[in-house]
Each structure stands twice: as C-alpha cells, then as structure tokens.
Amino acid sequence: VQNQGSALGWASSELRADRDIVLEAVRQDGWALRFASHGLRSDRVVVLQAVESTPHALTLANPELQVDKDIILEAVRRNWDVLFHVDNQC
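The model shown is predicted, which means the values in this text are computed figures rather than measured ones.

Quick word on the packing of helix α3 (residues 44–53) against helix α5 (residues 69–78)
The relative placement of two packed helices comes down to the angle between their axes together with the axis-to-axis distance.
Then, number 1: One can describe the packing of α3 onto α5 by two numbers: an axis separation of 9 Å at closest approach and a directional angle of 10°. Accordingly, the angle class assigned to the pair α3 and α5 is roughly parallel. For α3 against α5, the interelement crossing comes out right-handed. Mapping the contact onto sequence places R44, V47, L48, V51 and E52 in α3 and D70, I71, E74, A75 and R78 in α5.
Then, number 2: Residues of the contact of α3 with α5, tallied by class, amount to 5 nonpolar, no polar and 5 charged.

Rendered as structure tokens:
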C-alpha cells in the first residue's frame, strides 16, 4: 500500500482494520478509504489524512465526519468543488 493505496482493496479484512496500514494507504491515495473498515472510516485522523491526499475522499467517510467542519475546511482548502458534496446543514 505504500506505492499504491488502492491495493488495500485486495487486503484481508484484518489488514483493512489495521490503522497503520490504512493510514499509509490513504496517505498515498485518499480513495483507498473506501476499502477501510467501517471503524476506520469513522476515525478522524484517518479521514483527515485521506482528505489531505484526495479531497473528495470526504464522501467516503462515515456521515458524522462528513459534517466535521475541520475536515470540510481541509478538503475545501485543497479543492473548492468539494463544497458541492457538503451537506447544507454544515
């Protein structure tokens, strides 16, 4: 996953739930968040790292983090059109 974050898609469920492995995957490719365990898609640090790498990965986070203002701001700093995917309640 260091060279290709999307390789997480072929990993076992145990590896998809390993925070260090998922962090490395999303650092390389934020879209790898889609392969992370449900619990890690709720992990603020993991989601923030994914958004730093790929702003639109915000859409893959669990709903409670999709409305986290700090995460939204980071995504928008990197790509303003993320705003089209942000809940109007934010």
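Quick look at the side chain of D29
Then, number 1: Among the structural elements, D29 can be located in the loop between α2 (19–28) and α3.
Then, number 2: Summary of buried charges: D29 has no salt-bridge partner, and the nearest side chain of opposite charge, R34, is 5.7 Å away.
Then, number 3: Look past the residues within four positions of D29 in its chain and what remains in contact with it is G5, S6, S53 and T54.

Quick notes on α3
Then, number 1: Along α3, the residues classified as buried are V46, V47, Q49, A50 and V51.
Then, number 2: Along its buried surface, α3 packs onto α2, α4 (63–66) and α5.
Then, number 3: Its side-chain oxygen placed 2.9 Å from the backbone nitrogen of V45, D43 serves as the N-cap of α3.

Brief notes about the packing of α2 against α3
Then, number 1: For the pair α2 and α3, interaxial distance at closest approach is 7 Å and the crossing angle is 20°. Regarding the angle of α2 to α3, the classification is roughly parallel. Considering only the axes of α2 and α3, their crossing is right-handed. Residues R19, V22, L23, V26, R27 and Q28 of α2 lie in contact with α3, whose contacting residues are V45, V46, Q49, A50 and S53.

Some details on the pattern of salt bridges
Then, number 1: This structure, assessed with the given rule, holds 6 salt bridges.
Then, number 2: Its salt-bridge partner being R44, residue D70 comes within 3.0 Å of it at the nearest N-O pair. Taken as a pair, D70 in helix α5 and R44 in helix α3 lie far apart in primary sequence, 26 residues in all.
Then, number 3: Judged by its relative accessible area of 49%, D70 falls in the partly exposed class.
Then, number 4: On the basis of relative accessible area, R44 is assigned to the partly exposed category, the value being 34%.
Then, number 5: Salt bridges linked by common partners bring R44, D68 and D70 together as one network.

Rules used in this analysis
Residues numbered from 1 in each chain as written. Predicted model: local features only at pLDDT ≥ 70, side-chain atom pairs only at ≥ 80, totals over all residues. Heavy atoms only, no water. Axes fitted to C-alpha atoms, helices over the stretch in contact; angles between N-to-C directions. Helix = DSSP H or I, 4+ residues; strand = E, 2+ residues; numbered from the N terminus. Parallel < 35°, antiparallel > 145°, perpendicular 65-115°, else oblique. Left-handed = near helix turned anticlockwise from the far one by under 90°. Contact = heavy atoms within 4.5 Å. Nonpolar A, V, L, I, M, F, W, Y, C, P; charged D, E, K, R; others polar. Buried < 20%, exposed > 50% of the residue type's maximum accessible area, 1.4 Å probe, protein only. Lys, Arg positive; Asp, Glu negative; His and termini not counted. Salt bridge = Lys/Arg side-chain N within 4 Å of Asp/Glu carboxyl O. Polar contact = N/O pair within 3.5 Å; in protein donor to acceptor, adjacent residues only side chain to side chain.

By themselves, these figures tell us nothing about what the structure is for.
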